[in-house]
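Chain and residue survey
Letter by letter, the chains look like this.
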Amino acid sequence: MVTITRPGRSVTAGRPAAAGHSKERGDRRLGYILVAPALILLAVVTAYPLVYNLWNSLHYDNLTFATSPKSFNGLHDYNVAINTDGWVSALERTLVFTVVTIVFDVVVALALALMLHRRFRGRGFLRAAVLIPWAVPTVVSAMLWKTMFDPRTGFVDYFLGAIHPAWSNLTWLNISVFRSWAAIFIADSWKNIPFVAIILLAGLQVIPNDVYEAAKIDGAGWWQSFRRITLPMLKPALSVALIFRTLQALLVFDVIFVMTSGGPGTSTETLAYLNFDEFINKTDFGVGGAMSIMLVILALIISAIYVRAFRPQTTR
Amino acid sequence: MAAIAAARHAAPSPRWDVRKIIRESLFYLAVIIVVLIALFPFYWILRTSLMSNFQVGQGVGGKNGVIPGALSVQGWKEVFTEDDFQRPLINSLIVSVACMVVTVVVASMAGYALSRLNIRGVGPILAFILLAGFFPVLAMIGPLFLLMRHLNILDSIWPLIIIYTVYTLPISTWLLKNFFDQIPAELEDAALTDGATRLQTLRRVVLPVAVPGVFTAAILSFILAWNDFAFAVSFLHTPSNFTAPLAITTFGESQFQVFYNVIDAAVVITSIPIALVVLFAQRRIVSGLTAGSFR
C-alpha cells in the first residue's frame, strides 16, 4: 500500500495475446509519439538551459559588454562567484533559512495533517481554508504579509502594541536583520505549511485503520501508537514532503524580492536572489551560470542525502 | 470498516464523560485558531483595500481599528483607472488558461502512453519527469533569457505559456498516469476489438472516464501557472505586458507613503479567482496533490 508506484507493465499484461505482434508494435510507436511532446517541452525548459548554463559558466559572457569576445576562461567565473558578491554569506543564510523552515514547517504541518485527517463536521471547510494560503501566488502572500508587518497598516504591531506599548511601532522590514528574517519566515511558512500538510495527510490516509485498532487492543496509548505506527508508516510521505520543501526553500526568491529586496543592506539576499541579480541586473551570464551550476549541484547533493536516508523504508 | 466503527461505539466508556468534552472543545478551539491564522490576513487586506488614501495615511488604530470607521472604493478604483490593472489581469488569465490547456493535452497523451501503450523505458521516462518537477528552474533564468533574446521574444507573454509547463507538466503527467492505471483495461479492449483505433479509444472511451483526473490536472495547472513571479519579472519589462503578480509589486509606491489600499485591492482581486477555485474544488486539489506525489 505504502510503496511508491513502480512504472507497471502489469496493466497490459492481462490483455489477451490474440491482439498480435503488429498491434503491439503499433501501440508502442503511438506511445512514443504521445510521450514525445511532454519530453520535448520539459527538455527545452530544463535540460537545454542546464547545458547552456554549464557552457556559459566556463566562458566570459556579459551582455553589458556584448562586444567582448565570449572566450573560454576555465573556472574563472566560479572563482568570481565564490569570492565576490557575497555568495558565501548568501549560501550560509540560505542554508540556515532552509534548515529552520524545514524543521518548523514539517512539525507544524504534521500537527495540521492530523487535524485535517480527523473526521468531524466542517472538515471540508477547514481543508479549503487551509489550502487558500497555499493556492494564492507567492507574490500575493508576500505582499499580504508586507502589509501586515507595516506598522502603519498591518495588524502585527497593532496587536503587539495592545500587549505591550513598546511593541506598537516596531519596523519589521529593512531595518533590523532579525526582524526582516522573522517576517520573511512567517510569510513563507504561512504559504507553504498547507502543502506539506496535504502531502502528510495523504500519507496518513494510506495507513490502514485496523493497525491502530490492533495497537489499541494491545493497550497502546495515543503517543505510543503515534510513535510506533504513524511516524514509521508516514516515512514515504515525509520523504516526499521534505525533498520538495527543501528544494523550494533552497530557491526562496519571490518572497524576498517582494518583502525586502535583499535588504537591509544585503542581509536577506539568498542564493536564488543573488543568481537572479547576476543574470538580470548585472547581465553577467558567465558568473550567473556558475552560480546556477553550483545551486544545481547543491540541490543534487541534498536530494542524494535524502534519497539515501529514506531508501530502506520506501521499498516496503 | 463498518465493523471497526461499530466496535468503537460499543466501547465501554460512557458517551459524555468530562474528559471527552474537554478534548473535543480543545480540538475545535485548535480548528478555530487554524482557520483564523489562515483567513484573518485575508480579511485584513480586504479591510485595508476598502479604506481611502487618507485613512491609510492616518495609520492603524483609533477610528481605523480592526473594523474601519468608513469604507471607500478609492483603492479599487485607482488600481484600475491609474494603474491599469485590467491589462495584467487579462495577461495572467491568458497565460494561465493557455498553459492549462497545453498541459492537460500533453500530459493526457503522455500519461496514457506511459500507462497503457507498453513503451520501453517507462521507468527512466517517469524518473526524468519527476526530476523535472524537482528541478531548480529558478537557476535557469539566465539561459532562457538569452534564448528568448536571441529569438527576439523577450517582453512577451506568449513564451511564458511554454516555460510554465515546467511547473505544471510533471505533476499533471504523474497524476494522469496514475489515474489511467486505475481505469480497467477491459473498457478499452471492448472498443479495440470492435475495430476502434487507439486514438479513437482514448478520445471516446478513456478520456470521458478520466474526466475527474483531467479536471484535477487542469485546476492544479491553473494555480501553478497563475503563481509564477520569477520568470515574469525576468523577462517582461513593459507594464502592459506584465502578469498580475508582477504588476502588484509595482503598485502603490509614492514618494511619501505606500498606498497599501491600492496594493491590497490588487492583492484581493488576484486572490479571488484562486479562492473560488479552492472553495469549489478542494477535494480535487487535495487528491490531485497527493496522487501526483505517491500512492
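Residues numbered from 1 in each chain as written. Chains lettered and ligands numbered in written order. Predicted model: local features only at pLDDT ≥ 70, side-chain atom pairs only at ≥ 80, totals over all residues.

Some remarks on the overall build of chain B
If you tally the helices and strands in chain B, you get 15 helices and zero strands. Here the C-alpha atoms of chain B give a radius of gyration of 25 Å, more than 25% beyond the 19 Å that 2.2 N^0.38 yields for 295 residues. Across its three principal directions, the C-alpha atoms of chain B cover 75 × 75 × 35 Å. The burial tally for chain B puts 48% of its 295 residues in the buried class. Pairs at least 24 apart in sequence give 76% of the contacts found in chain B among residues at least 6 apart. (Helix = DSSP H or I, 4+ residues; strand = E, 2+ residues; numbered from the N terminus. Rg over C-alpha atoms; globule rule 2.2 N^0.38 Å. Buried ≥ 20, exposed ≤ 12 C-beta atoms within 10 Å, placed from the backbone. Contact = placed C-beta atoms within 7 Å.)

Looking at the overall build of chain A
Across its full length, chain A carries 14 helices and zero strands. Helices and strands in chain A line up, N terminus first, as α-α-α-α-α-α-α-α-α-α-α-α-α-α. Over its C-alpha atoms chain A spans a radius of gyration of 25 Å, topping by over 25% the 20 Å that the globule rule assigns to 316 residues. Each principal axis of the C-alpha atoms in chain A carries an extent, and together these give about 65 × 65 × 30 Å. Within the span of chain A, comprising 316 residues, buried residues form 40% of the whole. Taking the contacts inside chain A whose residues are at least 6 apart along the sequence as the reference set, 69% of them involve residues at least 24 apart.

Here we look at the interface of chain B and chain A
On the side of chain A, 84 residues touch chain B, which itself brings 84 residues to the contact. The biggest single contributor to the side of chain B that touches chain A is helix 15 (residues 260-293) of chain B, with 16 residues. Each residue belonging to the side of chain B that touches chain A can be placed in one class, and the counts come to 60 nonpolar, 18 polar and six charged. (Nonpolar A, V, L, I, M, F, W, Y, C, P; charged D, E, K, R; others polar.)

So, the domain arrangement of chain B
Here chain B is partitioned into domain 1 (12-79) and domain 2 (84-250). For domain 1 of chain B versus domain 2 of chain B, the separation of C-alpha centres amounts to 36 Å. (Domains from an automatic or database assignment.)

Details of the nonpolar core
Formed by 167 residues in total, the largest nonpolar core has its most connected members in Ala197, Ile199, Leu200, Phe253 and Met259 of chain A together with Ala266 of chain B. The dominant element in this core, judged by the number of residues it contributes, is helix 15 of chain B, at 14 residues. Built from parts of two domains, this core gets at least three residues from each of domain 1 (12-79) and domain 2 (84-250) of chain B. (Core = buried A, V, L, I, M, F, W, Y, C linked by C-beta atoms within 7 Å.)

A short note on unusual backbone geometry
The omega torsion across Gly263 of chain A and Pro264 of chain A is 0°, close enough to zero to call that bond cis. Positionally, Pro264 of chain A belongs in the loop between helix 12 (254-259) and helix 13 (271-281). Phi angles above zero are rare outside glycine, and Asn174 of chain A is one such case at about 70°. Relative to the elements of secondary structure, Asn174 of chain A occurs in the loop between helix 7 (156-163) and helix 8 (177-205). Since 18 C-beta atoms lie within 10 Å of it, Asn174 of chain A is described here as partly exposed. With a phi close to 60°, Asn118 of chain B is a non-glycine residue in the positive phi region.

So, the confidence of the model for chain A
All names here are of chain A. Predicted confidence across chain A gives a mean pLDDT of 86, with 91% of residues reaching 70 or more. Between the elements of chain A, mean pLDDT differs from a low of 42, seen in helix 1 (residues 10-13), to a high of 95, seen in helix 4 (residues 87-117). Note that residues 1-19 has pLDDT below 50 and, in this model, 27 contacts with residues that lie over four places away or in other chains. (pLDDT = per-residue confidence, 0-100.)

A short note on helix 4 (residues 74-81) of chain B
All names here are of chain B. Restricting attention to buried positions, one finds in helix 4 the residues Gln74, Gly75 and Val79. The arc that holds every buried residue of helix 4, seen down its axis, measures 125°, which confines them to one face. Along helix 4, the residues that are exposed and aim more than 90 degrees away from the buried face are Lys77 and Thr81. (Arc of directions from axis to C-beta.)

Here we look at the packing of helix 6 (residues 138-149) of chain A against helix 2 (residues 18-49) of chain B
At a minimum axis distance of 10 Å, the contact between helix 6 of chain A and helix 2 of chain B shows a crossing angle of 75°. Taken together, the axis directions place helix 6 of chain A and helix 2 of chain B in an arrangement best described as roughly perpendicular. The residues of helix 2 of chain B that touch helix 6 of chain A, namely those facing Leu144, Thr147 and Met148 of chain A, are Pro41, Trp44, Ile45 and Thr48 of chain B. Its residues assigned to classes, the contact of helix 6 of chain A with helix 2 of chain B shows five nonpolar, two polar and no charged. (Axes fitted to C-alpha atoms, helices over the stretch in contact; angles between N-to-C directions. Parallel < 35°, antiparallel > 145°, perpendicular 65-115°, else oblique.)

Concerning the environment of Arg87 of chain B
By secondary structure assignment, the location of Arg87 of chain B is in helix 5 (residues 86-116). A sequence separation of 155 residues divides Arg87 of chain B from Phe242 of chain B, and the C-alpha atoms of the two residues are 7.8 Å apart.

Some details on the environment of Leu160 of chain B
Of note, Leu160 of chain B is situated in helix 8 (residues 158-163). Counting along the chain gives 97 residues from Leu160 of chain B to Lys63 of chain B, while the straight-line C-alpha distance between them is 45 Å.

Side note on the packing of helix 9 (residues 165-182) of chain B against helix 12 (residues 211-227) of chain B
Residue and element names in this part refer to chain B. Put simply, helix 9 and helix 12 touch, their axes get as near as 9 Å, and they point 165° apart. Of the possible angle classes, the one that applies to helix 9 and helix 12 is roughly antiparallel. Considering how the two elements wind past one another, helix 9 and helix 12 form a crossing that is right-handed. Between helix 9 and helix 12, the residues in contact are Tyr167, Thr168, Ile171, Ser172, Leu175, Leu176 and Phe179 and Gly213, Thr216, Ala217, Leu220, Ser221, Leu224 and Ala225, respectively. Looking at the contact of helix 9 with helix 12, its residues break down into nine nonpolar, five polar and no charged. (Left-handed = near helix turned anticlockwise from the far one by under 90°.)

Description of the environment of Thr147 of chain A
Turning to its location among the elements, Thr147 of chain A is positioned in helix 6. Thr147 of chain A sits in the buried class, given 24 other C-beta atoms within 10 Å.

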